[in-house]
Amino acid sequence: MRNELLIGGVWRQGSEDGRIAVLDPATDEVVTEVADGTPADAIAACDAAEAAQVKWAATAPRVRSEILRSCWQTLVDHTDELASLIVREHGKPMADAKGEITYAAEFFRWNAEETVRIRGEIGTAPSGANKIIVHHPPVGVVLMVTPWNFPAAMITRKLAPALGAGNAVVIKPPREAPLTALRIADLLQEAGVPGGLVNVVPTSTSGAWFDAAVDHRAVRMLSFTGSTEVGRVLLRRAADRVLKTVMELGGNAPFIVFDDADVDAAVQGAMVAKMRHSAETCTAANRFYAEAGVADEFTTKFAAAMAEVKIGSGFDETVTCGPLINKKAVDDVDGLVQSAISAGASVAVGGSRVAGAGCFYQPTVLGNVSHDSPIAAAEIFGPVAPVIPFTDHEEMIRQANDTEMGLTGYVYTRDLAKGLRTSERIQAGMIGLNRGAVSDPAAPFGGMKQSGLGREGSGEGIYEFCETQYIATSW
Ligand code: NAD
């Protein structure tokens with residue numbers, strides 16, 4: 001287990017003596033402490049990235065590509081160890097943690113393939129006077145700030161394309177779950193990533209850390225994943241230096257079940273969309289709109305499936321939902337549930353916190369929720385599913401889009417044309433049509449509206465970490 005800072009390829013303590021306690025949310029116990037990075041450490045990491053980046057950018061794409069592929073293999077070879085770290089500091093079930101490592105590693109394999117295919121262009125100016133050459137150099141040094149809910153994948157989804165394109169990075173992993181990030185950086189160096197390209201500096205003072213790093217003259221880009229609230233603050237600060245930004249922010253996904261849907265398939269999809277990774281995903285289905293003809297059947301069957309969920313430590317392989325990240329998360333989820341119940345929602349299953357050690361909440365389905373209830377407006381981030389019945393299709397679409405968020409949406413119907421028409425009308429960057437999962441390294445991940453700017457993954461992802469340069473040429 002690594003618990004120091006990685007700066008310039010060297011593991012070291014912070015410039016002051018601070019330590020950050022990492023808690024196991026299933027037991028409330030301290031797992032270990034990691035070095036607490038200061039603003040001076042953030043600056044040292046930016047200096048190290050600046051020093052390493054020039055040589056890396058000049059390294060042949062094929063060589064960079066092969067190092068990325070070796071990173072994929074190394075992470076896959078360490079799946080069990082990395083998954084155990086995720087379970088320890090995040091709490092998600094072991095099967096989800098292993099799935100996260102497969103997904104996280106895949107960004108290296110995918111981007112190894114993209115690294116040797118970064119396109120350029122040549123054309124003749126309309127006047128015929130010269131040629132237009134366009135190419136895509138790396139941006140330089142990239143700051144990455146990542147959340148706790150995917151301690152591995154939210155880093156590699158950025159890191160692999162950034163390295164592939166020829167950049168160096170400084171990562172601020174989440175305070176709650178820094179251990180996975182530190183061990184991944186360690187393994188990447190083992191896999192051949194030159195020292196100084198990947199710097200990891202956890203901190204308990206994220207505001208001061210970020211202020212120091214963002215003002216470093218070598219930093220040219222911010223890639224952030226986290227809440228919309230924090231994203232707005234960092235965007236404002238990045239504007240001071242006119243940084244390129246990619247922002248992957250919060251969600252509030254509608255999950256729509258039409259009368260003609262296969263209800264059993266919809267319930268299965270709802271369980272995936274709601275419950276994976278302890279119900280703490282940005283793509284989580286947040287509001288379930290069920291058409292009147294199937295609303296009761298869907299609610300009853302969904303509640304029965306939720307009643308089968310086993311909560312507990314992710315290390316118990318029979319557990320299908322782990323703890324929430326901390327006690328505050330439990331309080332927030334419970335506040336939303338109790339206010340929905342007070343406003344008239346029925347409890348089909350669950351409805352309260354679990355007493356005792358750990359940060360557990362009962363898998364909960366609420367029936368007859370009103371679209372105006374605060375639970376429909378908030379990003380729930382817990383195992384709670386409010387079902388909102390509907391009769392009028394137009395009104396349902398209006399309600400589905402009645403949010404500043406636009407990350408994901410889900411549609412269930414047997415009529416594919418209706419499903420596609422509805423998908424087009426949902427204001428979200430990603431739609432699951434008769435599917436409860438959308439994430440794929442080969443697909444563009446990102447949100448509309450206040451769910452974000454830019455895309456990760458797919459062919460687009462690597463270009464986010466590139467500049468565009470045009471050379472007007474006469475020959
Ligand atoms: P968060 O916004 O609280 O924190 C994200 C990161 O920002 C953490 O590393 C945190 O320490 C850091 N941070 C917080 N305040 C900061 C500041 N003032 N300066 C610099 N850094 C600061 O989010 P979270 O609670 O870690 O994660 C959950 C949120 O992330 C949810 O809203 C979820 O939807 C979102 N998320 C989005 C995606 C996506 O791809 N769109 C993926 C995963 C999570």
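Quick word on the packing of helix α1 (residues 39-57) against helix α7 (residues 206-214)
Between α1 and α7, whose axes approach to 8 Å, the crossing angle comes to 35 degrees. Crossing of α1 over α7 shows right-handed handedness. For the pair α1 and α7, contact is made by P39, A42, I43 and C46 and by A208, W209, A212 and A213, respectively.

A closer look at the domain arrangement of the protein chain
Partitioning the protein chain into structural domains gives domain 1 (5-249 + 451-473) and domain 2 (253-440). At the interface, 25 residues of domain 1 touch 30 residues of domain 2. When domain 1 packs against domain 2, close to 2,200 Å² is buried across both sides, 62% of that on carbon and sulfur atoms. Contact with domain 2 buries area across many residues of domain 1, yet P93, W148 and S451 alone supply 22% of it, more than any other trio. Here domain 1 is connected to domain 2 by one salt bridge. When contributions to the side of domain 1 that touches domain 2 are tallied by element, the ones reaching two or more residues are α3 (79-89) and α4 (94-115). The residue makeup of the side of domain 1 that touches domain 2, split by class, is nine nonpolar, seven polar and nine charged.

Things to note about the site of the ligand
Within the structure, the ligand sits among 27 residues, and T146, R157, S227, L249 and E379 are positioned closest to it. Measuring from an oxygen atom of the ligand, one finds a backbone N or O atom of T146 at 2.7 Å. With respect to the ligand, the side chain of S227 contributes an N or O atom lying 2.6 Å from an oxygen atom. Here the ligand has 850 Å² of accessible area as a free molecule, and 85% of this is covered by the chains. Elements that contribute at least two residues to the shell around the ligand include exactly α5 (153-165), α7, β10 (219-225) and α8 (228-239). Looking at the shell around the ligand element by element, the count peaks at three residues for α7. Tallied by class, residues from the shell around the ligand come to 14 nonpolar, nine polar and four charged.

Section: the environment of P194
By the element assignment, P194 lies in the loop between α6 (179-190) and β9 (198-200). Measuring from C-alpha to C-alpha, the distance between P194 and I462 comes to 20 Å, with 268 residues separating the pair along the chain.

Side note on helix α2 (residues 61-77)
Over its 17 residues, α2 extends 24 Å from the first C-alpha to the last, a length consistent with the 24 Å expected when each residue adds 1.5 Å. Those residues of α2 that fall on the buried side of the exposure criterion are R64, S65, I67, L68, C71, W72, T74 and L75. Close packing links the buried residues of α2 with α1, α3, α4, α5 and α6.

Observations concerning the sheet that holds strand β22 (residues 469-473)
Across the sheet, which stays open at both edges, the three strands sit in the order β5-β6-β22 with antiparallel pairing between neighbours. Sheet topology places β5 (121-124) and β22 at the edges, where each strand pairs with a single neighbour. Taken over all neighbouring pairs, the strand axes of this sheet differ in orientation by 20 degrees on average, direction set aside.

Quick notes on the environment of D240
With respect to the secondary-structure elements, D240 resides in the loop between α8 and β11 (244-248). Sequence-wise, D240 and D215 are 25 residues apart; in three dimensions their C-alpha atoms are separated by 8.5 Å.

Observations regarding the nonpolar core
One finds F108, L143, V198, L222, F255 and F298 to be the most contacted residues of the largest nonpolar core, which totals 121 residues. Two domains each put at least three residues into this core: domain 1 (5-249 + 451-473) and domain 2 (253-440). I256, A340, V384 and F390 belong to the second largest nonpolar core, which has 30 residues in total.

Some words on the packing of aromatic side chains
Inspection of every chain in the model, using the stated rule, returns ten aromatic pairs. On the basis of an interplanar angle of 25 degrees and a centroid distance of 6.4 Å, the ring pair of F255 and F298 is categorised as stacked. Within this pair, whereas F255 is found in strand β12 (residues 253-257), its partner F298 is found in helix α10 (residues 292-307), the two being separated by 43 residues in sequence. For the pair F255 and F298, one class covers both residues: buried. Each ring, one from F298 and one from F302, has its centre 5.3 Å from the other, and the planes form 45 degrees; the classification is tilted. With F298 and F302 both in helix α10, this residue pair falls four residues apart, about one helical turn. The class for F298 is buried, based on a relative accessible area of 0%. Here the aromatic residues F255, F288, F298, F302, Y410 and Y412 are joined through ring pairs into a cluster of three or more. Stacked on the ring of F150, the Lys or Arg K92 has its end atom at 4.2 Å from the ring centre. Its end group placed over the ring of F445, R157 keeps NZ or CZ at 3.7 Å from the ring centre.

Considerations on the pattern of salt bridges
Side chains that differ in charge, positive against negative, can pair when their charged atoms come close. The final tally for this structure, using the stated rule, is 26 salt bridges. We note a salt bridge from D41 to R12, for which the minimum N-O separation is 3.9 Å. With D41 in helix α1 and R12 in strand β2 (residues 10-12), this residue pair connects regions lying 29 residues apart in the sequence. What makes D41 buried here is its relative accessible area of 1%. Of the charged contacts, one joins R88 and D24 as a salt bridge, the two residues approaching to 3.0 Å between their closest N and O atoms. Within this pair, whereas R88 is found in helix α3, its partner D24 is found in strand β3 (residues 19-24), the two being separated by 64 residues in sequence. A residue is classified by how much of its surface remains accessible, and R88, at 32% relative accessible area, is partly exposed. Through salt bridges with shared partners, a single network forms among R2, E4, E81, R183 and D186.

Let's talk about unusual backbone geometry
Within the chain, S278 stands out as a residue other than glycine whose phi angle is a positive 60 degrees. Counting through the fold element by element, S278 comes out in helix α9 (residues 263-279). Judged by relative accessible area, S278 falls into the buried class, the value being 0%. Even without being a glycine, N368 presents a positive backbone phi close to 55 degrees.

Procedures and definitions
- Residues numbered from 1 in each chain as written.
- Predicted model: local features only at pLDDT ≥ 70, side-chain atom pairs only at ≥ 80, totals over all residues.
- Heavy atoms only, no water.
- Axes fitted to C-alpha atoms, helices over the stretch in contact; angles between N-to-C directions.
- Helix = DSSP H or I, 4+ residues; strand = E, 2+ residues; numbered from the N terminus.
- Left-handed = near helix turned anticlockwise from the far one by under 90°.
- Contact = heavy atoms within 4.5 Å.
- Domains from an automatic or database assignment.
- Buried area = accessible area lost by both parts, 1.4 Å probe.
- Salt bridge = Lys/Arg side-chain N within 4 Å of Asp/Glu carboxyl O.
- Nonpolar A, V, L, I, M, F, W, Y, C, P; charged D, E, K, R; others polar.
- Near = heavy atom within 4 Å.
- Polar contact = N/O pair within 3.5 Å; in protein donor to acceptor, adjacent residues only side chain to side chain.
- Areas by Shrake-Rupley, 256 points an atom, 1.4 Å probe, with all protein chains shown as cover.
- Expected span 1.5 Å × (residues − 1).
- Buried < 20%, exposed > 50% of the residue type's maximum accessible area, 1.4 Å probe, protein only.
- Pairing = 2+ DSSP bridges.
- Core = buried A, V, L, I, M, F, W, Y, C linked by side-chain atoms within 4.5 Å.
- Phe/Tyr/Trp six-rings, centres within 6.5 Å; stacked < 30°, edge-to-face > 60°.
- Lys NZ or Arg CZ within 6 Å of the ring centre and 35° of its normal.

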